[in-house]
Amino acid sequence: AGASAGAGADDEKMMAGAEAEAQQAQAASPEGAKEEEGADADEGTDDEAGSGQDAHAEGTAQEHLQEHLQKMEDADVENVGFAKLKGANGATIEYTLKKYEIFIGRKSKSTPVDVVLGNSMSISRKHAKIAYNFETKNWELTVLGKNGVSVGKILYAPSSPPVVLRSQELLQFGDKLEPVSLYFLLPVKA
């Protein structure tokens, strides 16, 4: 009898672990949530007394998950990315980084860039590069333009090593009297 009681406890632990894994899979995949929902309806007939409450709670969780997934689909996902550049001091630029390397510079037909900072001749066609460094796990700015880039009031030249960027760092390009100013922003950690 002791062995069968122990086996029952082990079965319950395995079932609880399987349910937790299923819930994680559901959160990661809308299709998985729909499949699990159908599977749970088939399994719910053999449960012990009181499982009606569990099934109701599980059904409510499933409904909540479906509502959340629908809200995510309805949300504006165009602005989802790794980081963002947002204009400051009158600059109307807003760029969402959706790749690991971008180039910033002035408007040019011959040298396309990801972020155009205007037509000022004090800004090079390819003035700077922002890239993610996978070794250090940091975003870095490499200065390419001869007039440099100010990061947090410090002017960096093309000969400077890459500068590690922190969230809310102010980047200034071009003319020292009227620079194009952008904030580098990272997502808020939950």
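Being a predicted model, the structure only gives us computed values, none of them experimental.

Along the chain, the position of Glu-140 falls in strand 6 (residues 138-143). Salt bridges are absent for the buried Glu-140, whose nearest opposite-charge side chain, Lys-129, sits at 7.8 Å. There is a polar contact of 3.2 Å between the side chain of Glu-140 and the side chain of Asn-133. Leaving out residues up to four positions away in the same chain, Glu-140 has contacts with Lys-129, Ile-130, Ala-131, Asn-133, Pro-162, Val-163, Val-164 and Leu-165.

In terms of burial, strand 10 (residues 169-173) is largely enclosed, as 5 of its 5 residues are buried. Here strand 10 shows two buried faces, one formed by Glu-169, Leu-171 and Phe-173 and the other by Leu-170 and Gln-172. Pairing geometry for strand 7 (residues 149-151) and strand 10, over 3 bridges, is antiparallel. When the bridges of strand 10 are listed, Val-149 appears paired with Phe-173. In the sheet, strand 10 pairs with strand 11 (residues 180-185) via 5 bridges, with the strands oriented antiparallel. Its bridge partner being in strand 11, Gln-172 is matched across the sheet by Ser-181. Connecting strand 10 to the antiparallel partner strand 11 that follows it, the hairpin turn spans 6 residues, and Gly-174 within it adopts a positive phi of roughly 85°.

With that settled, the discussion passes to the packing of aromatic side chains. As enumerated under the stated definition, the model contains 7 aromatic pairs in all. Where Tyr-100 meets Tyr-132, the ring centres are 6.2 Å apart and the plane angle is 45°; that geometry is what we call tilted. Of this pair, Tyr-100 sits in the loop between strand 2 (94-97) and strand 3 (101-105) while Tyr-132 sits in strand 5 (residues 128-133), and the two are 32 residues apart along the sequence. Judged by its relative accessible area of 23%, Tyr-132 falls in the partly exposed class. Centre to centre, the rings of Tyr-132 and Phe-134 are 5.0 Å apart; their planes meet at 80°, and the pair counts as edge-to-face.

Conventions used here
Residues numbered from 1 in each chain as written. Predicted model: local features only at pLDDT ≥ 70, side-chain atom pairs only at ≥ 80, totals over all residues. Heavy atoms only, no water. Helix = DSSP H or I, 4+ residues; strand = E, 2+ residues; numbered from the N terminus. Buried < 20%, exposed > 50% of the residue type's maximum accessible area, 1.4 Å probe, protein only. Lys, Arg positive; Asp, Glu negative; His and termini not counted. Salt bridge = Lys/Arg side-chain N within 4 Å of Asp/Glu carboxyl O. Polar contact = N/O pair within 3.5 Å; in protein donor to acceptor, adjacent residues only side chain to side chain. Contact = heavy atoms within 4.5 Å. Pairing = 2+ DSSP bridges. Phe/Tyr/Trp six-rings, centres within 6.5 Å; stacked < 30°, edge-to-face > 60°.

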